[in-house]
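If you want the building blocks of each chain, they are given just below.
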Amino acid sequence: MSTMIQRYTARERSNHWVVAIAFILAGLSGLALFHPAFFFLTNLFGGGPWTRILHPFIGVVMFLFFMVIAVQFWGRNRFTPADREWRKRIGDVVRNRDQGLPEAGKYNAGQKILFWVMVVSIPVLLISGIVVWQPWFAPFFPIGLLRVAVVVHALAAWIMILGIVVHVYAAIWVKGTVRAMTRGTVSAAWAKQHHRAWYREMTGK
Amino acid sequence: MALQSLDIKARSATTTPPPRVRDPIHVAKLIDISKCIGCKACQVACMEWNDLRDEVGTNTGIYDNPRDLTAQSWTVMRFSEVEVEQGRLEWLIRKDGCMHCEDPGCLKACPAPGAIVQSVNGIVDFHQEHCIGCGYCITGCPFDIPRLSKKDSKVYKCTLCSDRVAVGMEPACIKTCPTGALVFGTKGDMIRHAEGRIADLKERGYANAALYNPEGVGGTHVMYVLQHGDQPELYANLPKDPHISPLVSLWKGIAKPLMSLGIGLAVFAGFFHFVTAGPKEVEEEEERP
């Protein structure tokens, strides 16, 4: 048994998975209303009207729980000069040529970018979503604003979905990552290889 | 065939052709505002035929009653007192309701398959049993017509009495109009009828009399004869150049397939990256503590 390092507490993991489940449900129900090719997904939610009713409430759950994550992870996601170098070498990262990459802290530059994309897109989704939320809020807004809101909502959702596709794939791609969110621990070797600055911080080595 | 329609031109959230083997005549309602006396018989006929009874509202100091279109009031007379020139007051009374656009913004915006259909004859109809209550049609409509019912969260508007027209009858409002301000027929006949009326109005001093059949929405199947055709805004803000908002066209036009494709490509890119570049393994030997 190799040495394991604690990466996420049980509370952080639960919080992450509430957001993840809400994202999947909001994403599927949102796509159902976006393109007719996805309308069949309304069957997962009890039909068209139920999809329309549930989608915004799921979105609010996602927003609220994400806000907790955002506050907790905020400090760890500030960009550092090393991140700039990491971003320049993104081609090497993608080709699995990790030798000589700048040392990453708890998060590398790619993870930080994802964090800030979520910090921006989720509140934008909430605000634009409230504007078009029938029948509770939409009647209070002028139709011109509704038109802006539907486009902004679709665009923010699209950016968020693309971000999550990358996020999920990166977790599969970098072996030993998923257990950070399922068990809370990662191997010391994983930490040393991918997040050396954080590894040294955690182990004092 | 059974009771299904075989003359549907467009169907909401549907990417394959709807059944349209028949090609019936194109119909239109012509509203001659210069002949309207504001009696509201058309409103009553609409309520009666469609079995609707709006809540009794309150008097707001103007003749408009009810004050606005609602899920129960599919047509409303809008009264505008306009001083067209110094010292000459005109009372312009416009029967408001669905214009039955040739290019309907409501249908373009609707995400529910079959909740909005456009017949080949030009009638744009809401099928409430397929409506999911999202209100997207409200963002699509350039005329601010659809109304979401507080009772059932379905959207309602004028049907152009599609049920009557289907069996060869004229809409209820046409049937009841006492002055002949409302006429109904083929779109070609209605345009010709309007031309006669416009020539008459021009003789009587309305130099700018014109037919309102706006090109921006491909023309409409409800048209107005306007005494002041150059200023449609005088008639309770009838839009001069209505068109589907570019935002709605972007959203339910190019963005819809391109963004969907983008998500699909991102997933494929991940899969093919995995089978070509492969995963990042932890290379170093496990350390001893």
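Relevant structure appears above.
Residues numbered from 1 in each chain as written. Chains lettered and ligands numbered in written order. Predicted model: local features only at pLDDT ≥ 70, side-chain atom pairs only at ≥ 80, totals over all residues.

## Some details on the overall build of chain A
Part 1: In terms of regular secondary structure, chain A is built from 9 helices and 2 strands.
Part 2: When the helices and strands of chain A are placed in sequence order, the string is β-α-α-α-α-α-α-α-β-α-α.
Part 3: The principal-axis extents of the C-alpha atoms in chain A amount to approximately 60 × 35 × 30 Å.
Part 4: The proportion of buried residues among the 205 residues of chain A is 32%.
Part 5: Sequence separation of 24 or more characterises 65% of the internal contacts of chain A that already satisfy a separation of 6 or more. (Helix = DSSP H or I, 4+ residues; strand = E, 2+ residues; numbered from the N terminus. Buried ≥ 20, exposed ≤ 12 C-beta atoms within 10 Å, placed from the backbone. Contact = placed C-beta atoms within 7 Å.)

## Concerning the overall build of chain B
Part 1: Looking only at helices and strands, chain B features 7 helices and 11 strands.
Part 2: For chain B, the C-alpha radius of gyration of 25 Å lies well beyond 19 Å, the compact-globule estimate for 289 residues.
Part 3: Residues classed as buried in chain B amount to 41% of the 289 residues present.
Part 4: For chain B, contacts bridging at least 24 residues in sequence account for 61% of all contacts bridging at least 6. (Rg over C-alpha atoms; globule rule 2.2 N^0.38 Å.)

## Description of the interface of chain A and chain B
Part 1: Facing the 42 residues of chain A at the interface are 42 residues of chain B.
Part 2: Its residues assigned to classes, the side of chain A that touches chain B comprises 26 nonpolar, 10 polar and 6 charged. (Nonpolar A, V, L, I, M, F, W, Y, C, P; charged D, E, K, R; others polar.)

## Description of the packing of helix 1 (residues 10-34) of chain A against helix 2 (residues 48-73) of chain A
For any two helices packed against each other, the geometry comes down to the angle between their axes and how far apart the axes lie.
Residues and elements named next belong to chain A.
Part 1: Close contact between helix 1 and helix 2 brings their axes to 8 Å; oriented N to C, the two are set at 145 degrees. Once helix 1 is placed against helix 2, the crossing between them reads as left-handed.
Part 2: Taken together, the residues that form the contact of helix 1 with helix 2 break down as 16 nonpolar, 8 polar and 2 charged. (Axes fitted to C-alpha atoms, helices over the stretch in contact; angles between N-to-C directions. Left-handed = near helix turned anticlockwise from the far one by under 90°.)

## Quick word on unusual backbone geometry
Part 1: The omega torsion across Gln134 of chain A and Pro135 of chain A is -5 degrees, close enough to zero to call that bond cis.
Part 2: Put simply, Asn65 of chain B and Pro66 of chain B share a cis peptide bond, and its omega is -5 degrees.
Part 3: Within the secondary structure, Pro66 of chain B is located in the loop between helix 1 (41-50) and strand 3 (76-85).
Part 4: Phi is positive for Asp144 of chain B, close to 55 degrees, though the residue is something other than glycine.

## Comments concerning the nonpolar core
Within soluble globular proteins, side chains that are nonpolar tend to cluster in buried spots.
Part 1: Within the largest apolar cluster, 102 residues are counted, with the highest numbers of intra-cluster contacts made by Met62 of chain A together with Cys110, Ile116 and Cys137 of chain B.
Part 2: Considering every element that reaches this core, the biggest residue donor is helix 6 (residues 143-173) of chain A, with 9 residues.
Part 3: Filtering out sequence-adjacent residues up to four positions away, Cys110 of chain B remains in contact with Ser12, Ala13, Ala115, Ile116, Tyr136 and Cys137 of chain B.
Part 4: Core analysis: the second largest hydrophobic core is formed by 8 residues, Ala180, Ala191, Trp198 and Tyr199 of chain A among them. (Core = buried A, V, L, I, M, F, W, Y, C linked by C-beta atoms within 7 Å.)

## Describing the sheet that holds strand 6 (residues 124-126) of chain B
Strands belonging to one sheet form pairs held by backbone hydrogen bonds; the direction of such a pair is parallel or antiparallel.
All names here are of chain B.
Part 1: Spatially, 1-5-6 is the arrangement adopted by the 3 strands of the open sheet, whose pairing is antiparallel. If you trace the sheet from one side to the other, it starts and ends with strand 1 (8-11) and strand 6, each paired once. Direction aside, neighbouring strands of the sheet carry axes that sit 25 degrees apart on average.
Part 2: Here 3 bridges tie strand 5 (residues 116-119) to strand 6, and the two strands are oriented antiparallel to one another. If you follow Ile116 over to strand 6, its bridge partner there is Phe126. (Pairing = 2+ DSSP bridges.)

## Topic: the sheet that holds strand 11 (residues 222-226) of chain B
Residues and elements named next belong to chain B.
Part 1: Strand order across the open sheet formed by 4 strands is 9-2-11-10, with mixed pairing between neighbours. The sheet is open, and its two borders are formed by strand 9 (182-186) and strand 10 (210-212), each paired with just one other strand. Here the average twist between neighbouring strands, direction ignored, is 25 degrees.
Part 2: The sheet contact formed by strand 2 (residues 27-32) and strand 9 spans 5 bridges and is antiparallel. By the bridge assignment, Ile31 is partnered in strand 9 with Leu182.
Part 3: Of the strands in this sheet, strand 2, strand 9, strand 10 and strand 11 touch helix 6 (residues 187-203), which is tilted by about 135 degrees from strand 9.

## Quick notes on helix 1 of chain A
Part 1: The terminal C-alpha atoms of helix 1 of chain A, which comprises 25 residues, lie 35 Å apart, in line with the 36 Å expected from a rise of 1.5 Å per residue.
Part 2: Considering only its buried residues, helix 1 of chain A is in contact with helix 2 and helix 6 of chain A together with helix 7 (246-276) of chain B. (Expected span 1.5 Å × (residues − 1).)

## With respect to the environment of Thr139 of chain B
Part 1: Mapped onto the elements, Thr139 of chain B comes out in helix 3 (residues 136-140).
Part 2: Taking C-alpha positions, Thr139 of chain B is 7.3 Å from Val248 of chain B, a pair spaced 109 residues apart along the chain.

## With respect to the pairing of strand 3 of chain B
Each regular strand displays side chains that alternate between the two surfaces of the sheet.
Residue and element names in this part refer to chain B.
Part 1: With 9 bridges joining them, strand 3 and strand 4 (residues 88-96) adopt antiparallel strand pairing. Within strand 4, the position partnered with Val76 by the bridge is Asp96.
Part 2: Between strand 3 and the antiparallel strand that follows it, strand 4, lie 2 residues; Gly87 among them carries a positive phi value of about 80 degrees.

## A word on the packing of helix 5 (residues 109-131) of chain A against helix 6 of chain A
All names here are of chain A.
Part 1: Two elements in contact, helix 5 and helix 6, have axes whose closest approach is 8 Å; the angle formed by their N-to-C orientations is 150 degrees. Judged by the angle between their axes, helix 5 and helix 6 are roughly antiparallel. The chirality of how helix 5 crosses helix 6 is left-handed. Counting all contacts with helix 5, which are made through Leu114, Val117, Met118, Ser121, Ile122, Val124, Leu125, Ser128, Gly129 and Val131, the residues of helix 6 involved are Leu145, Leu146, Ala149, Val152, His153, Ala156, Ala157, Ile159, Met160, Gly163, Val166 and His167.
Part 2: Split into classes, the residues belonging to the contact of helix 5 with helix 6 amount to 16 nonpolar, 6 polar and no charged. (Parallel < 35°, antiparallel > 145°, perpendicular 65-115°, else oblique.)

## Focus on helix 6 of chain A
Part 1: In this model helix 6 of chain A runs 45 Å from its N-terminal to its C-terminal C-alpha over 31 residues, within 8% of the 45 Å that 1.5 Å per residue would give.
Part 2: The complete set of buried residues in helix 6 of chain A reads Leu146, Arg147, Ala149, Val150, His153, Ala154, Ala156, Ala157, Trp158, Met160 and Ile161 of chain A.
Part 3: In this fold, the buried residues of helix 6 of chain A make contact with helix 1 and helix 5 of chain A together with helix 3 and helix 7 of chain B.

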